[in-house]
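# Summary of structural features
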Amino acid sequence: MLILTRKLNESIIIGDNIEITITAIEGDQVKLGIKAPKQIDVHRKEIYDAIQTENSAASRTDLDLLKHFQEKLNKNKPEV
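First, a word on scope: everything that follows refers to the structure included in this document. Please read all numbers here as calculations on a predicted model, not as lab measurements.

Time to look at the side chain of T21. Structurally, the position occupied by T21 is in strand β2 (residues 18–26). Among the polar contacts made by the side chain of T21, one reaches the side chain of S11 at a distance of 2.7 Å. Sequence-distant contacts of T21, that is, excluding residues within four places in its chain, are made with N9, E10, S11, K31, L32 and G33.

In this structure the tally under the stated criterion is 4 salt bridges. Its salt-bridge partner being K31, residue E26 comes within 3.7 Å of it at the nearest N-O pair. The class for E26 is partly exposed, based on a relative accessible area of 43%. The residue K45 makes a salt bridge to D49 at a minimum N-O spacing of 2.8 Å. Linking K45 with D49, this pair stays in helix α1 (residues 45–76), spanning 4 residues, or about one helical turn. For D49, a relative accessible area of 32% translates into the label partly exposed.

Cut-offs used in this document
Residues numbered from 1 in each chain as written. Predicted model: local features only at pLDDT ≥ 70, side-chain atom pairs only at ≥ 80, totals over all residues. Heavy atoms only, no water. Helix = DSSP H or I, 4+ residues; strand = E, 2+ residues; numbered from the N terminus. Polar contact = N/O pair within 3.5 Å; in protein donor to acceptor, adjacent residues only side chain to side chain. Contact = heavy atoms within 4.5 Å. Salt bridge = Lys/Arg side-chain N within 4 Å of Asp/Glu carboxyl O. Buried < 20%, exposed > 50% of the residue type's maximum accessible area, 1.4 Å probe, protein only.

See the structure below:
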């Protein structure tokens, strides 16, 4: 992990098109401003983790449903 020190209104650049600026420091909180292209998703980590968990659960449900339908089809399949 790269660790950088920045002061109020100072920035860092990631790649060619992402800029993170320290916009405020209030007690133990630091507020960040993020400039990034619209096609780049920007989330707080806890939100990102929740999205990943939901996506994983949804994909498991889809696979379970497909397996269920496949079993039903195989049961109703006439033997030759």
